[in-house]
Amino acid sequence: DAGVTQSPTHLIKTRGQHVTLRCSPISGHKSVSWYQQVLGQGPQFIFQYYEKEERGRGNFPDRFSARQFPNYSSELNVNALLLGDSALYLCASSPSGAGGSSYEQYFGPGTRLTVT
Amino acid sequence: AQSVSQHNHHVILSEAASLELGCNYSYGGTVNLFWYVQYPGQHLQLLLKYFSGDPLVKGIKGFEAEFIKSKFSFNLRKPSVQWSDTAEYFCAFDTGRRALTFGSGTRLQVQP
């Protein structure tokens, strides 16, 4: 079975530009979360989406936005890029349901964003 | 604020040595606890998890972790490490919102 996939793998952007990152969850998973991982730190939560609705948001500015599509894939958008946005952006998906396993998150390989 | 503290940033061990990585979380309510591992060149993988019940949980590759509620701790252990355990290990928790709070990670280097 395919895991979480993300595209592109790497991206170089200039300050002030806009970027869109994409994520496809594991088949059957309806929840998608986004994280930012700066070098030397653990991932930091940005958004969580379930059934196309935003269910959670981390402490990130409004320049960050996301959406989830009917097929449960997701996009993360970042406007007016800053040098400090350079990081690995991770997407994770979770199984549906109410049991403990629904809280497990499975991560993709990430998109490495460099802002110059 | 919610946070995770991983006390060891870089650990170097010889093969067959025992491993214990510390993790303490800061949150007053019920949590789901996780350890993730990132092998060189690979993405984050779930190593083990605790939701409820027996506070001693076993994961893949011989790893185990113990939840001590009174100490807000969830330490990772392995009796005998192998060179292939060289990786970065992240402790994380979730308060039921599917928004993981991660520690800063511990880099484990196992020398053959």
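Residues numbered from 1 in each chain as written. Chains lettered and ligands numbered in written order. Predicted model: local features only at pLDDT ≥ 70, side-chain atom pairs only at ≥ 80, totals over all residues. Heavy atoms only, no water.

Colleague: Whenever I open this one, the pairing of strand 6 (residues 53-57) of chain A confuses me. Can you help?
Modeller: Along any regular strand the residues' side chains alternate between the sheet's two faces. Note that strand 5 (residues 44-50) of chain A and strand 6 of chain A share 4 bridges and pair antiparallel. Across the sheet, the residue bridging to Tyr 49 of chain A is Glu 54 of chain A, located in strand 6 of chain A. (Pairing = 2+ DSSP bridges. Helix = DSSP H or I, 4+ residues; strand = E, 2+ residues; numbered from the N terminus.)

Colleague: Please explain the environment of Leu 21 of chain A as it appears in this structure.
Modeller: Residues and elements named next belong to chain A. Checked against the element boundaries, Leu 21 lands in strand 3 (residues 19-24). The exposure class assigned to Leu 21 is buried, which follows from its relative accessible area of 0%. Those residues in contact with Leu 21 that sit more than four places away from it in its chain are Ser 7, Pro 8, Leu 11, Trp 34, Ser 74, Glu 75, Leu 76, Tyr 89 and Thr 111. (Buried < 20%, exposed > 50% of the residue type's maximum accessible area, 1.4 Å probe, protein only. Contact = heavy atoms within 4.5 Å.)

Colleague: Explain the nonpolar core here, please?
Modeller: Within soluble globular proteins, side chains that are nonpolar generally end up buried alongside one another. Residues and elements named next belong to chain B. Membership of the largest hydrophobic core comes to 28 residues, with the highest contact counts inside it found for Leu 33, Trp 35, Leu 48, Phe 74, Leu 76 and Tyr 89. Elements supplying a minimum of two residues to this core: strand 2 (10-14), strand 3 (19-21), strand 5 (32-38), strand 6 (45-50), strand 8 (64-68), strand 9 (73-78), strand 10 (87-94) and strand 12 (106-111). A per-element tally of this core places strand 10 first, with 4 residues. Ignoring any residue separated from it by four or fewer positions in sequence, one finds Leu 33 in contact with Tyr 25, Leu 48, Lys 49, Tyr 50, Phe 67, Phe 74, Ala 92 and Phe 93. (Core = buried A, V, L, I, M, F, W, Y, C linked by side-chain atoms within 4.5 Å.)

Colleague: Any chance you could explain the packing of aromatic side chains here in plain terms?
Modeller: How two aromatic rings sit relative to each other is given by the distance of their centres and the angle of their planes. Scanning the model with the defined rule gives 17 aromatic pairs over all chains in all. Judged by centre distance (5.8 Å) and plane angle (65°), the ring pair of Tyr 35 of chain A and Phe 45 of chain A falls under edge-to-face. Separated by 10 residues along the polypeptide, Tyr 35 of chain A in strand 4 (residues 31-37) and Phe 45 of chain A in strand 5 bring together distant segments of the chain. Side by side, Tyr 35 of chain A and Phe 45 of chain A carry an identical accessibility label, which is buried. For the ring pair Phe 60 of chain A and Phe 64 of chain A, a centre distance of 5.1 Å and an interplane angle of 65° mean the geometry is edge-to-face. No difference in accessibility class separates Phe 60 of chain A from Phe 64 of chain A, as the two residues are buried. Following the ring pairs from residue to residue traces out a cluster consisting of Tyr 35, Phe 45 and Phe 107 of chain A together with Phe 34, Tyr 36, Phe 51, Phe 90 and Phe 102 of chain B. If you follow Arg 98 of chain B out to its NZ or CZ, it ends over the ring of Tyr 103 of chain A, 4.5 Å from the centre. (Phe/Tyr/Trp six-rings, centres within 6.5 Å; stacked < 30°, edge-to-face > 60°. Lys NZ or Arg CZ within 6 Å of the ring centre and 35° of its normal.)

Colleague: Would you take a moment to explain the state of the cysteines for this structure?
Modeller: Each disulfide is one covalent bond, formed between the sulfur atoms of two cysteines. Taken as a whole, this structure holds 2 disulfides over all chains when the rule is applied. Bridging Cys 23 of chain A to Cys 91 of chain A, the disulfide has an S-S length of 1.8 Å. Disulfide Cys 23 of chain A-Cys 91 of chain A: torsion about the S-S bond near -65°, hence left-handed. You can see Cys 23 of chain A sitting in strand 3 and its partner Cys 91 of chain A sitting in strand 9 (residues 87-94), a full 68 residues away along the chain. There is no split in this pair, since Cys 23 of chain A and Cys 91 of chain A are both buried. Here Cys 23 of chain B connects covalently by a disulfide to Cys 91 of chain B, the sulfurs 1.9 Å from one another. On the sign convention where negative means left-handed, the S-S torsion of about -65° between Cys 23 of chain B and Cys 91 of chain B marks this disulfide as left-handed. Placement of Cys 23 of chain B in the loop between strand 3 and strand 4 (24-26) and of Cys 91 of chain B in strand 10 is noted, with a sequence separation of 68 residues between them. When its relative accessible area of 1% is taken as the criterion, Cys 91 of chain B is described as buried. (Disulfide = S-S within 2.5 Å.)

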